[in-house]
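# Architecture and fold: a report
Read off the chains here:
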Amino acid sequence: MSTASVTARPGAVLADLLPTSRVRDAALVLGGAALTGLAAQIAVPVPGSPVPVTGQTFAALLVGTTLGARRGFAALALYAAAGLAGVPWFAQGGSGASVSFGYVLGMLLAAAAVGALARRGADRSPLRMAGTMLLGEAIIYAVGVPYLAVTAHMSATAAIAAGLTPFLIGDALKAALAMGVLPTAWKLTNKS
């Protein structure tokens with residue numbers, strides 16, 4: 001199948017540009033989990049918060065968007081399961097369930113949501129891509145912040161102050177980066 005016929009097909013995501021096979025899907029899922037694990041190692045501690053700024057949220061949303069809902073969810077499920085089993089690829093080389101594990105659970109849902117939106121073309125224009133990324137981030141926080149509050153025995157206000165507020169500027173920058181990267185990738189593939 002040529003690139004032009006795949007990109008013209010409604011509902012395609014970037015991963016669909018590769019030849020279809022189960023091996024491809026397995027490799028994409030494994031690669032998505034590994035990318036998320038590697039990106040989690042880019043971590044900067046946040047004073048007063050048990051949650052660091054990492055690259056894993058950006059990677060998780062990128063994986064969901066480029067692989068689509070099903071494969072994106074599978075990649076993040078593999079990432080979460082392997083981390084729970086002891087693979088040290090959560091933030092700062094961690095593994096197991098910690099007070100920040102709720103963000104990982106949120107990433108599962110966010111990857112599926114942004115993947116579904118990408119199948120509807122949300123990754124093809126800068127403005128829609130920004131909205132898609134911000135929605136994905138909101139889903140991650142909707143799970144991560146309450147999980148942080150419960151497991152760290154924080155009030156809702158304290159959990160928001162420690163697990164949401166310090167990350168908003170970084171999330172805006174991640175959305176801006178995605179606004180340029182994914183729509184540009186589509187433009188480049190359509191020119192081949």
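Everything in this summary refers to the structure shown in the same document. (Residues numbered from 1 in each chain as written. Predicted model: local features only at pLDDT ≥ 70, side-chain atom pairs only at ≥ 80, totals over all residues. Heavy atoms only, no water.)

## Looking at the side chain of Glu137
Rules: Labels follow the DSSP assignment, with helices taken as runs of H or I lasting at least four residues and strands as runs of E lasting at least two, numbered in each case from the N terminus. Whether two residues are in contact is decided by their heavy atoms, any of which lying within 4.5 Å being enough.
Positionally, Glu137 belongs in helix 6 (residues 126-151). Aside from chain neighbours lying at most four places away, what touches Glu137 is Thr57, Leu61, Asp171 and Lys174.

## Some words on the nonpolar core
Put simply, the rule reads: The set of buried Ala, Val, Leu, Ile, Met, Phe, Trp, Tyr and Cys residues whose side-chain atoms join them within 4.5 Å is what this entry labels a nonpolar core. Only protein chains enter the accessibility calculation, which uses a 1.4 Å probe; a residue whose area is less than 20% of its type maximum is buried, one above 50% is exposed, and one in between is partly exposed.
Counting 44 residues, the largest nonpolar core has Leu76, Tyr79, Tyr103, Val104, Met107 and Met133 as its most contacted members. Contributing elements (two or more residues each) for this core: helix 2 (22-40), helix 3 (56-67), helix 4 (69-84), helix 5 (101-119), helix 6 and helix 8 (168-191). At nine residues, the largest contribution of residues to this core is made by helix 5. Discounting residues that sit within four places of it in the chain, Met133 has contacts with Phe58, Leu61, Lys174, Ala175 and Ala178.

## Let's talk about the environment of Thr132
Mapped onto the elements of the fold, Thr132 is located in helix 6. The sequence separation of Thr132 and Ala116 amounts to 16 residues, and the corresponding C-alpha distance is 10.0 Å. Dropping the residues within four chain positions of it, Thr132 is found in contact with Val114, Leu117 and Ala122.

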